[in-house]
Amino acid sequence: LPLGDPTMVVFAERMLLVQLDALGDTTSVTSSTVLAAVRDAVHKLFGDFGLGSVQSSLQVKHLCALAGLCMVRVARRHATTVRAAICSVRFVARQPVRLTVVRTAGSLRTARREMIGLLEQWQRNAGTSIDRGAKAQQRPLALASVTPWALLSEAACEVAMPKSSGNDASTLMRELVALQQAE
């Protein structure tokens with residue numbers, strides 16, 4: 001399409017890379033429950049007008065409950081509103097959580113690169129302690145043998161946690177490998 005074509009639409013967006021620290025059970029956390037929690041938080045903080053302005057562009061593009069990371073897509077002009085709302089979320093699917101915006105990116109490609117870099121950093125720090133509490137210290141140890149690309153596959157992230165038969169890292173690793181080979 002030529003540059004002056006009126007059918008060409010550019011959507012100015014921001015991708016928020018959110019760290020999800022579960023303080024309870026994470027089996028019921030899905031992308032739709034995270035989206036509902038963020039929408040409720042926007043409504044509580046900014047009212048009906050805030051929710052109406054944000055709702056059309058708000059999406060959870062990617063959720064990996066195993067790694068505790070998700071990507072939230074929002075219009076650029078509403079990024080600060082959604083960022084404030086994400087920090088105020090305390091429960092997702094009636095489970096206590098802590099949501100923290102780790103990075104902000106301008107495109108999905110950049111957000112995925114940031115997510116891979118963060119996962120690789122957690123793998124490098126697998127043997128050292130991390131200052132984010134007991135739950136956060138356990139996450140890198142469970143991810144030590146998992147490749148970042150396996151965690152980024154949509155099937156692995158959406159399916160591995162709810163269908164997990166065991167809670168240990170070896171069971172999750174076997175499921176991730178099986179899902180990666182199935183693709």
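Here goes a summary of the coordinates provided. (Residues numbered from 1 in each chain as written. Predicted model: local features only at pLDDT ≥ 70, side-chain atom pairs only at ≥ 80, totals over all residues. Heavy atoms only, no water.)

## Some thoughts on the sheet that holds strand E3 (residues 69-75)
As summarised here, the arrangement of the five strands in space is E2-E3-E1-E5-E4, forming an open sheet in which the pairing is antiparallel. Of all strands in the sheet, those bounded by a partner on one side alone are strand E2 (59-64) and strand E4 (91-92). Where helix H1 (residues 31-55) meets the sheet, it contacts strand E1 (13-22), E2, E3 and E4, and its direction lies at approximately 150° from that of E2. Contacting E1, E3 and strand E5 (95-105), helix H2 (residues 79-87) runs over the sheet at an angle of about 5° to E1. (Pairing = 2+ DSSP bridges. Helix = DSSP H or I, 4+ residues; strand = E, 2+ residues; numbered from the N terminus. Contact = heavy atoms within 4.5 Å. Axes fitted to C-alpha atoms, helices over the stretch in contact; angles between N-to-C directions.)

## Looking at the pattern of salt bridges
Under the defined criterion, the tally for this structure stands at two salt bridges. Among the salt bridges present, the one from arginine 73 reaches glutamate 13, with a minimum N-O distance of 2.5 Å. Of the two residues, arginine 73 is situated in strand E3 and glutamate 13 in strand E1; the sequence distance between them amounts to 60 residues. Of the two residues, arginine 73 and glutamate 13, neither departs from the other in class, the shared state being buried. Note that glutamate 114 and arginine 103 form a salt bridge whose closest N and O atoms lie 2.8 Å from each other. Of this pair, glutamate 114 sits in helix H3 (residues 108-124) while arginine 103 sits in strand E5, and the two are eleven residues apart along the sequence. (Salt bridge = Lys/Arg side-chain N within 4 Å of Asp/Glu carboxyl O. Buried < 20%, exposed > 50% of the residue type's maximum accessible area, 1.4 Å probe, protein only.)

## What about the pairing of E2?
Here E2 pairs with E3 via five bridges, running antiparallel. Paired with leucine 63 across the bridge in E3 is cysteine 70. The loop that links E2 with its antiparallel partner E3 comprises four residues; one of these, glycine 68, has a positive phi angle of about 75°.

## A few points about the nonpolar core
The biggest cluster of nonpolar side chains holds 28 residues, and the ones touching the most others in it are Leu16, Val18, Val34, Leu58, Val72, Val82 and Ile86. Listing elements by their share of this core, those giving two or more residues are E1, H1, E2, E3, H2 and E5. A total of eight residues in this core trace back to one element, the largest contributor, which is H1. Not counting the four nearest positions on each side in its chain, leucine 16 is found in contact with Cys70, Met71, Val72, Val74, Ala79, Val82, Arg83, Ile86, Val101, Arg103 and Thr104. By size, the runner-up hydrophobic cluster in this structure holds 13 residues, among which are Leu17, Leu66, Leu69 and Met71. (Core = buried A, V, L, I, M, F, W, Y, C linked by side-chain atoms within 4.5 Å.)

## Here's the deal with H1
Along its 25 residues, H1 runs just 15 Å from first to last C-alpha, ending more than 12% under the 36 Å computed at 1.5 Å per residue. Along H1, the residues that are buried comprise Val34, Leu35, Ala37, Val38, Ala41, Val42, Gly50, Leu51 and Val54. Along its buried surface, H1 packs onto E1, E2, E3, H2 and E4. (Expected span 1.5 Å × (residues − 1).)

## Here's the deal with the packing of H1 against H2
Each pair of packed helices gets described by two things: the angle between the helix axes and the distance between those axes. Look at H1 against H2: their axes get within 8 Å of each other, and the N-to-C directions meet at 155°. Here H1 is positioned roughly antiparallel relative to H2, judged by the angle of their axes. Here H1 contributes Val38, Ala41, Val42, Leu45, Phe46 and Val54 to the contact with H2, which in turn contributes Thr81, Val82, Ala84, Ala85 and Ile86. Among the residues forming the contact of H1 with H2, the class breakdown is ten nonpolar, one polar and no charged. (Parallel < 35°, antiparallel > 145°, perpendicular 65-115°, else oblique. Nonpolar A, V, L, I, M, F, W, Y, C, P; charged D, E, K, R; others polar.)

## Topic: unusual backbone geometry
Keep in mind that most residues, glycine aside, have a negative phi and that most peptide bonds are trans. Positive phi, normally seen in glycine, also occurs at alanine 93, with a value near 55°. Position of alanine 93 among the secondary structure elements: in the loop between E4 and E5. Positive phi, close to 60°, is recorded for arginine 94, a residue that is not glycine. Examined against the element boundaries, arginine 94 turns out to sit in the loop between E4 and E5. Since its relative accessible area comes to 78%, arginine 94 is described here as exposed.

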